[in-house]
Amino acid sequence: AKITKEDKPLDICLLVDESGSMGYSIMEDARNAAIAIKEALADNPMIDLWVYGHSADSSAAGQTEMIEYHSPSMQDRPMAMGGLHARCENRDGNAIITSALRVNAESENNGNKLMIVLSDGEPSADMYRGERALDHTAKAVKHVESRGWNIIQVGFGGISKHSMERMFTNYVHVEETSELGDKVSKIIRKVIKV
């Protein structure tokens, strides 16, 4: 009998907070991180990658806006991720659920799924702030994890450890972009057990 160990297919979704607080160098760090992750995974045929940005309340109160920057079927805008920028508010729970649903609808992979959420702080939008927003985001994370996803938050800027652990099972804070590769690769290996 010959046993061959093969990599399992993996769907990865990067979800980038595009709220106003992500302005200045924080958005630059998150954008560079997302682009670096995309480039690092580009040559692996076992990985499909989706990149979404999200904001809220820019066109109407109570609305969550999702922007697609990359997907396996999106071939017409290879440089779209350069357009990631700070916009308005952020309704994280809705964005997490929507991203998972979109990937599930497009993916042909029934195996491993990983979402990496790049954010600088707590969710904050119209009628979605404080304890209510933290609780909803935590419930959204648990719901998506119960559907077979692994979720990691990569926190930039002033996000507190307390907020991260309140919302996410798996999280890492990156203070310097030079730490990004090492910290993110370690937590990915831990979470998906590779």
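Residues numbered from 1 in each chain as written. Predicted model: local features only at pLDDT ≥ 70, side-chain atom pairs only at ≥ 80, totals over all residues. Heavy atoms only, no water.

1. A word on the packing of helix H2 (residues 92-106) against helix H3 (residues 130-146)
And step 1. Where H2 contacts H3, the axes come no closer than 7 Å and their chain directions differ by 15°. Regarding the angle of H2 to H3, the classification is roughly parallel. Crossing handedness for the pair H2 and H3: left-handed. Contact residues: Asp92, Gly93, Asn94, Ile96, Ile97 and Ala100 in H2; His136, Thr137, Ala140, Val141, His143 and Val144 in H3.
And step 2. A class-by-class count of the residues in the contact of H2 with H3 yields six nonpolar, five polar and one charged. (Axes fitted to C-alpha atoms, helices over the stretch in contact; angles between N-to-C directions. Helix = DSSP H or I, 4+ residues; strand = E, 2+ residues; numbered from the N terminus. Parallel < 35°, antiparallel > 145°, perpendicular 65-115°, else oblique. Left-handed = near helix turned anticlockwise from the far one by under 90°. Contact = heavy atoms within 4.5 Å. Nonpolar A, V, L, I, M, F, W, Y, C, P; charged D, E, K, R; others polar.)

2. With respect to the pairing of strand S4 (residues 112-119)
And step 1. Among the eight residues in S4, seven count as buried, and that is most of the element.
And step 2. In this sheet, S4 lies alongside strand S1 (residues 10-17) in parallel orientation, the contact comprising seven bridges. Bridge pairing in S4 links Val16 to Leu118.
And step 3. Examined bridge by bridge, S4 and strand S5 (residues 149-155) share seven bridges and lie parallel to one another. Bridge pairing links Val117 to Gln153 in S5.
And step 4. On the question of chirality, the crossover connecting S4 to the parallel S5 by way of H3 is right-handed. (Buried < 20%, exposed > 50% of the residue type's maximum accessible area, 1.4 Å probe, protein only. Pairing = 2+ DSSP bridges. Right-handed = clockwise from strand over helix to strand, strands pointing away.)

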